[in-house]
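Next come the chains, spelled out residue by residue.
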Amino acid sequence: AAENPGAPPQTQPTQQRASKWGTKDEDDEDDERERRYEADDDAAKPDFGLSGALAKDENHGNVYKGHVLKWTEPDDARKPVDRWRIYEYKNGEQVKVLHIHRQSAFLIGRIKDIADILTMHPSCSGQHAVVQFRLKVLKDDLDEVRVILPYVMDLESTNGTFLNGERLAPARYVELREKDMLKFGSSS
């Protein structure tokens, strides 16, 4: 075999050969440290689902007096120009008149801090329903008329909201008309 006179002499590898960056014992130690940081199959997977943290943040969410509201006002929410009223009846007799034309939305529920219309019946939820005034554009052949009308929405309450005896679908706005009868839960 031809030898290269300028090349360094070849040596036989040994069992305790030093690696390029340290001894074999140091390499084993590094390997052990790396194994500690490898993910186990049993390790918890990251959860990138919605946490609700932004909704609870008073600067970005829909929080009022420390309570996260179940609804947000739509873009077409308006304060009404007409003087709308709700007449409250108990056992067939008129109890009081609620003037609901003074703001764009009225929350109905049992939480005293945030409810605009307080219902103390045990079948009513903390945030039971909302009466929301919204701008509606009525188009005719010649004109376009803008009116502000009341709508009601059940806020996914346990015992439901009833309009003229029929249970409303939750989280859907339904237009209210004069002489409509609203019932919240199983109140009388």
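In the block above lies the structure referred to throughout.
Let me begin by describing the structure that accompanies this report.

The rules we used
- Residues numbered from 1 in each chain as written.
- Predicted model: local features only at pLDDT ≥ 70, side-chain atom pairs only at ≥ 80, totals over all residues.
- Heavy atoms only, no water.
- Helix = DSSP H or I, 4+ residues; strand = E, 2+ residues; numbered from the N terminus.
- Buried < 20%, exposed > 50% of the residue type's maximum accessible area, 1.4 Å probe, protein only.
- Contact = heavy atoms within 4.5 Å.
- Areas by Shrake-Rupley, 256 points an atom, 1.4 Å probe, with all protein chains shown as cover.
- Pairing = 2+ DSSP bridges.
- Phe/Tyr/Trp six-rings, centres within 6.5 Å; stacked < 30°, edge-to-face > 60°.
- Lys NZ or Arg CZ within 6 Å of the ring centre and 35° of its normal.
- Patch = residues over 30% accessible without salt bridge, like charges linked within 9 Å, V, L, I, M, F, W, Y side chains within 5 Å.
- Salt bridge = Lys/Arg side-chain N within 4 Å of Asp/Glu carboxyl O.

## Considerations on the overall build of the protein
Per the secondary structure count, the protein includes 2 helices and 12 strands. In sequence order, the protein lays out its α and β elements as α-α-β-β-β-β-β-β-β-β-β-β-β-β. Out of the 188 residues in the protein, the part that is buried amounts to 27%. Here the contacts in the protein between residues at least 6 apart in sequence split such that 40% fall between residues at least 24 apart. When the accessible surface of the protein is summed, it comes to about 14800 Å², and 47% of that surface belongs to carbon and sulfur atoms.

## Digging into the sheet that holds strand S12 (residues 182-184)
An order of S10-S9-S12 is seen for the 3 strands of this open sheet, with the pairing classed as antiparallel. At either margin of the open sheet sits one strand with a lone partner, and together these are strand S10 (166-167) and S12. With 2 bridges connecting them, strand S9 (residues 161-163) and S10 associate as antiparallel partners. If you follow Phe-162 over to S10, its bridge partner there is Arg-167.

## Remarks on the packing of aromatic side chains
Taken as a whole, this structure holds 2 aromatic pairs when the rule is applied. Taking the centre distance of 6.4 Å and the plane angle of 50 degrees together, the rings of Trp-84 and Phe-133 count as tilted. One end of the pair, Trp-84, is in the loop between strand S2 (67-68) and strand S3 (85-90); the other, Phe-133, is in strand S7 (residues 129-139), and 49 residues separate them in sequence. The lysine or arginine in question, Arg-134, covers the ring of Tyr-151, its NZ or CZ lying 5.5 Å from the ring centre. The positively charged end of Arg-134 is found above the aromatic ring belonging to Tyr-173, 4.5 Å away from the centroid.

## Looking at the sheet that holds strand S11 (residues 174-175)
Read from one edge of the open sheet, 5 strands run S6-S5-S7-S8-S11, paired in mixed fashion. Every interior strand has two partners, whereas the edge strands, strand S6 (117-118) and S11, have only one.

## Re the environment of Phe-106
Following the sequence through the fold, Phe-106 ends up in strand S5 (residues 105-109). The spatial distance from the C-alpha of Phe-106 to the C-alpha of Asp-116 is 5.4 Å, given a sequence separation of 10 residues. In this view, Phe-106 contacts His-99, Ile-100, His-101, Asp-116, Ile-117, Ala-129, Val-130, Val-131 and Phe-133; residues no more than four positions away in its chain are not counted.

## Quick notes on a nonpolar patch on the surface
On the surface, Tyr-87, Tyr-89 and Val-97 cluster together to form a nonpolar patch covering roughly 270 Å² of accessible area. Take Tyr-87: it is sitting in strand S3.

## Describing the pairing of S5
Most of S5 sits inside the fold, with 5 of its 5 residues counted as buried. Residues of S5 alternate between two faces, with Ala-105, Leu-107 and Gly-109 on one and Phe-106 and Ile-108 on the opposite face, all of them buried. Direction of pairing for S5 relative to S6: parallel, over a ladder of 2 bridges. Residue Ile-108 lies in a different strand from S6, and its bridge partner there is Ile-117.

Treat this as a map of the structure, not an account of what it does.
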